[in-house]
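Structural overview
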Amino acid sequence: MDFDTPSSFPTTRMRRLRYLPAVRALVQEVKLSASKLILPLFVCSGTQVRKPIVSMPGHEQISVDQLGAELLQIQALGIGGVLLFGIPHKKDAKGCDSLSSDGIIQQALRAAKKATPEILVITDVCFCEYTDHGHCGVLSESSGQTDVDNDATLELLARQAVSHVEAGADMVAPSGMMDGMVGAIRKGLDHSGYQHVPIMSYAAKYASSFYGPFRDAVESTPGSGDRRTHQMDPAVAAGQALREVALDLAEGADIIMIKPALAYLDVIAQVKDRFPGVPLAAYNVSGEYSMVQAAAERGWIDEQEVTSEMLIAMHRAGANLVVTYAAKNVARWTTQ
Ligand code: PBG
């Protein structure tokens, strides 16, 4: 925009564009649409389970037999897709359930593809939901410090991704922030004949306290320690996120994700600016959702207005799509 043009008040009056609702509508640039939203779903073992997640009002852990009905409803609402998380019955040190053709996520994928073959199904590829210690990969010890073993985890991530796709996943979303994870998964998928399956990489994922309710939902709070040796430090400027994104693109990522969204709009904007041709996703995470629900329950804010404003901000910053727990609500609000 050219700010040097001589026009100024009273020749220019910015309020002319705001006076009539019709003009406001005409010049509006961001429009919320359920088709650009992805809804996360939590699938657990058992039958006829619909277990509310206390810290995430409106969300439940559901068993595989409930998934078909859920997906039919989601499809009817015009939501862009779902992101599936599996909560296995049995967790172990290696997260074996995530690699088994009979694991919880594989069962869920088969049920999903049977009920609604067209709905886009993405899976989160990580180990923290599946390990008994709650960390994002296999652990090893070096110089007295126990930590996720990056390179040993890569091969397992590739196996997990292939197993998800074999069971029906349309897209995989690695979220563990391991160095080289996108390349390892791309190679694994290509070797198995899945060259056409896209990877949505959690490229810049911060070690955030906004994940609290999610960790309740999937029971993945690390037994000890935290995720600061692999997730990014919120106190580092966006330049580091640009490096993460560049590396993931070089390894073959198709869609780039920034997570969380609300406190990281600067990162979203800078990534969009630097990589304008790359589809960009933002993850409007559990804590962001639950804060709004809690305040709205108390009557302190308006759920619809605040949720819409937050999602508009994410799109305005540059996100083409948003993973959000509010997807169903938005679908209902926007079709009214
Ligand atoms: C890791 C994963 C996490 C979330 C999505 N994928 C948790 C974490 O990194 O601890 C958090 C999502 C949210 O808070 O909504 N598999």
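Residues numbered from 1 in each chain as written. Predicted model: local features only at pLDDT ≥ 70, side-chain atom pairs only at ≥ 80, totals over all residues. Heavy atoms only, no water.

1. So, the overall build of the protein chain
Going by this rule: Helical segments are the DSSP runs of H or I of at least four residues, strand segments are the runs of E of at least two, and each set is numbered from the N terminus. Think of it in three bands: residues with accessible area under 20% of the maximum for their type are buried, residues over 50% are exposed, and the middle band is partly exposed, with areas taken using a 1.4 Å probe on protein chains only. Only heavy atoms enter the contact rule, under which two residues are in contact if any of them lie within 4.5 Å.
Counting its secondary structure elements, the protein chain contains 11 helices and 12 strands. Viewed in the frame of its principal axes, the protein chain has a C-alpha envelope of about 70 × 45 × 40 Å. A total of 336 residues make up the protein chain; the buried ones form 52% of that total. Excluding contacts between residues fewer than 6 apart, the proportion of contacts in the protein chain whose partners are at least 24 apart in sequence is 73%.

2. Quick look at a positive patch on the surface
Rule in force here: Candidate patch residues must exceed 30% relative accessible area and have no salt bridge, after which like charges are joined if within 9 Å and Val, Leu, Ile, Met, Phe, Trp or Tyr side chains if within 5 Å. Note on areas: Shrake-Rupley with a 1.4 Å probe; residue coverage comes only from the protein chains shown. A pairing counts as a salt bridge when a side-chain nitrogen of Lys or Arg comes within 4 Å of a carboxyl oxygen of Asp or Glu. Asp and Glu count as negative and Lys and Arg as positive, but His and the ends of the chain are not part of the count. The location of each charge is read from NZ of Lys, CZ of Arg, CG of Asp or CD of Glu.
On the surface, a cluster of positive charge is contributed by Arg13, Arg15, Arg16 and Arg18. Within the fold, Arg18 resides in the segment before α1 (21–27).

3. Quick word on the site of the ligand
Our working definition: By convention in these notes, a residue is near a molecule or strand provided one of its non-hydrogen atoms lies within 4 Å of it. By the criterion applied in these results, polar contacts are pairs of N or O atoms within 3.5 Å in which, for protein atoms, one can donate a hydrogen and the other can accept it, and in which residues neighboring in sequence qualify only through two side-chain atoms. Classification convention: Asp, Glu, Lys, Arg as charged; Ala, Val, Leu, Ile, Met, Phe, Trp, Tyr, Cys, Pro as nonpolar; all other residues, Gly among them, as polar.
Around the ligand, 19 residues are found, and the nearest of them are Glu129, Lys205, Arg215, Lys259 and Tyr325. In this structure, an oxygen atom belonging to the ligand sits 2.7 Å away from a side-chain N or O atom of Lys205. At a separation of 2.6 Å, an oxygen atom of the ligand approaches a polar side-chain atom of Arg215. Relative to its unbound accessible surface of 410 Å², the ligand loses 100% to contact with the protein. At the level of elements, β9 (200–205) and α6 (212–218) are the ones that each hand at least two residues to the shell around the ligand. For the shell around the ligand, the class distribution of residues is 10 nonpolar, three polar and six charged.

4. Side note on unusual backbone geometry
Glycine aside, residues mostly have negative phi angles, and peptide bonds mostly take the trans form. A cis amide bond, omega 10°, links Phe9 with the succeeding residue Pro10. Checked against the element boundaries, Pro10 lands in the segment before α1. If you check the backbone angles, Met177 has positive phi at about 55° while not being a glycine. Its location among the elements puts Met177 in the loop between β8 (171–174) and α5 (181–191).

5. Brief notes about the pairing of strand β11 (residues 280–284)
Worth spelling out the cut-off: The crossover handedness rule: strands pointing away from the viewer, path from first strand over the helix to second strand clockwise, crossover right-handed. One requirement defines pairing of two strands: DSSP has to find at least two bridges between them.
Summarising burial for β11: five of the five residues are buried, a large majority. Going residue by residue along β11, you find Leu280, Ala282 and Asn284 tucked away on one face and Ala281 and Tyr283 tucked away on the opposite face as well. Considered for its hand, the β-α-β crossover made up of strand β10 (residues 255–259), helix α8 (residues 265–274) and β11 is right-handed. As paired strands, β11 and strand β12 (residues 321–324) are joined by four bridges and run parallel to one another. Across the sheet, Ala282 pairs through a bridge with Val322, a residue of β12.

6. So, helix α2 (residues 64–76)
The α-helix winds at 3.6 residues per turn, so residues separated by three or four positions along the chain end up facing the same way. The complete set of buried residues in α2 reads Val64, Gln66, Leu67, Gly68, Glu70, Leu71 and Ile74. On the buried face of α2, the contacting elements are β1 (37–44), β2 (50–52), β3 (60–63), β4 (81–87), α3 (104–115) and α11 (327–335). Gly78, located one to two residues past α2, shows a positive phi value of around 75°.

7. Considerations on α3
Selection criterion: Take the residue count of a helix, subtract one, and multiply by 1.5 Å to get its expected span.
Over its 12 residues, α3 extends 17 Å from the first C-alpha to the last, a length consistent with the 16 Å expected when each residue adds 1.5 Å. Its buried side turned inward, α3 meets β1, α2, β4, β5 (121–125) and α4 (150–167).

8. Comments concerning the packing of aromatic side chains
The condition is simple: Only Phe, Tyr and Trp rings are paired, with Trp represented by its six-membered ring, and only when their centres lie within 6.5 Å; those with planes under 30 degrees apart are stacked, over 60 edge-to-face, the remainder tilted. Throughout this description, the term charge over a ring refers to an Arg CZ or Lys NZ atom that lies within 6 Å of the ring centre and within 35 degrees of the ring normal.
Using the criterion set out here, one finds eight aromatic pairs in the structure. Aromatic rings pair up to connect Phe42, Phe85, Tyr202, Phe214, Tyr283, Tyr289 and Tyr325 into one cluster. If you follow Lys205 out to its NZ or CZ, it ends over the ring of Tyr211, 5.7 Å from the centre. Sitting over the ring of Phe275, Arg274 keeps its end group 4.8 Å from the ring centre.

9. Topic: a nonpolar patch on the surface
A cluster of nonpolar side chains, namely Met14, Leu17, Leu26 and Val27, defines an oily patch on the protein surface of about 420 Å² accessible area. Take Leu17: it is sitting in the segment before α1. Note on Leu17: relative accessible area 44%, which makes it partly exposed.

10. Things to note about the side chain of Lys205
When you line up the elements, Lys205 lands in strand β9. Although buried, Lys205 forms no salt bridge, and the nearest oppositely charged side chain, Asp124, lies 5.9 Å from it. There is a polar contact of 2.9 Å between the side chain of Lys205 and the backbone oxygen of Ser175. Among all residues touching Lys205, those that are not within four sequence positions of it are Ser175, Met177, Tyr211, Gln231, Met232 and Lys259.

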